[in-house]
Amino acid sequence: MQNSSSIIYLDHTDSTNLEMWRMIDSGQIEKELTVLQAGSQSKGRGLGQTSWESEPGKNLLFSVFLKPVFLAP
């Protein structure tokens, strides 16, 4: 069975969510499950209009992309 997951680590990004979308749009995400983790971010977003910045190493900063090929739409 082939590994169908990937973890990508960035020292810093503006937003893990925005970076994940950029990677999807450019075709860089090819795995069924990809986790994008960052050490710090400067334009993070939460629920609604909530936003925050994070100092390096102070928070869990990640976005998850899940595209299960084993499930029919």
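Up top is the structure.
Not measured: the values here are computed from a predicted model.

### Some words on the overall build of the protein
Argument step 1. The number of helices and strands found in the protein is one helix and four strands.
Argument step 2. Going residue by residue from the N terminus, the α and β elements of the protein occur as β-α-β-β-β.
Argument step 3. Scored against the burial criterion, the 73 residues of the protein give a buried share of 26%.
Argument step 4. For the protein, the exposed area adds up to about 5600 Å²; of that, 55% sits on carbon and sulfur atoms.
Argument step 5. One way to put it: in the protein the 6 positive side-chain charges average out to a point 3 Å from where the 8 negative ones average out.

### Describing the nonpolar core
Argument step 1. I8, M20, M23, I29, L36 and F65 form the largest nonpolar core, which has six residues in total.
Argument step 2. What M23 contacts, discounting residues up to four positions off in sequence, is I8, Q28, I29 and L36.

### Quick notes on the side chain of T13
Argument step 1. Following the sequence through the fold, T13 ends up in strand β1 (residues 5–13).
Argument step 2. A polar contact is formed between the side chain of T13 and the side chain of D14, at a distance of 3.2 Å.
Argument step 3. Beyond its immediate stretch of four places on either side in the chain, T13 contacts E19, R22, A38, S40, Q41 and S42.

### Regarding the pattern of salt bridges
Argument step 1. Counted under the stated rule, the structure contains two salt bridges.
Argument step 2. Measuring nitrogen to oxygen at the nearest pair gives 2.7 Å for the salt bridge that ties R22 to D14.
Argument step 3. Accessibility expressed as a relative area gives 38% for R22, which makes it partly exposed.
Argument step 4. For D14, a relative accessible area of 22% translates into the label partly exposed.
Argument step 5. In this structure, the salt-bridge partner of R22 is E19, at a minimum N-O distance of 2.7 Å. Of this pair, R22 and E19 both sit in helix α1 (residues 16–25), separated by three residues, roughly a single helical turn.
Argument step 6. A cluster of three or more residues bridged by salt bridges with shared partners is formed by D14, E19 and R22.

Thresholds, definitions, all that
Residues numbered from 1 in each chain as written. Predicted model: local features only at pLDDT ≥ 70, side-chain atom pairs only at ≥ 80, totals over all residues. Heavy atoms only, no water. Helix = DSSP H or I, 4+ residues; strand = E, 2+ residues; numbered from the N terminus. Buried < 20%, exposed > 50% of the residue type's maximum accessible area, 1.4 Å probe, protein only. Areas by Shrake-Rupley, 256 points an atom, 1.4 Å probe, with all protein chains shown as cover. Lys, Arg positive; Asp, Glu negative; His and termini not counted. Charge placed at Lys NZ, Arg CZ, Asp CG, Glu CD. Core = buried A, V, L, I, M, F, W, Y, C linked by side-chain atoms within 4.5 Å. Contact = heavy atoms within 4.5 Å. Polar contact = N/O pair within 3.5 Å; in protein donor to acceptor, adjacent residues only side chain to side chain. Salt bridge = Lys/Arg side-chain N within 4 Å of Asp/Glu carboxyl O.

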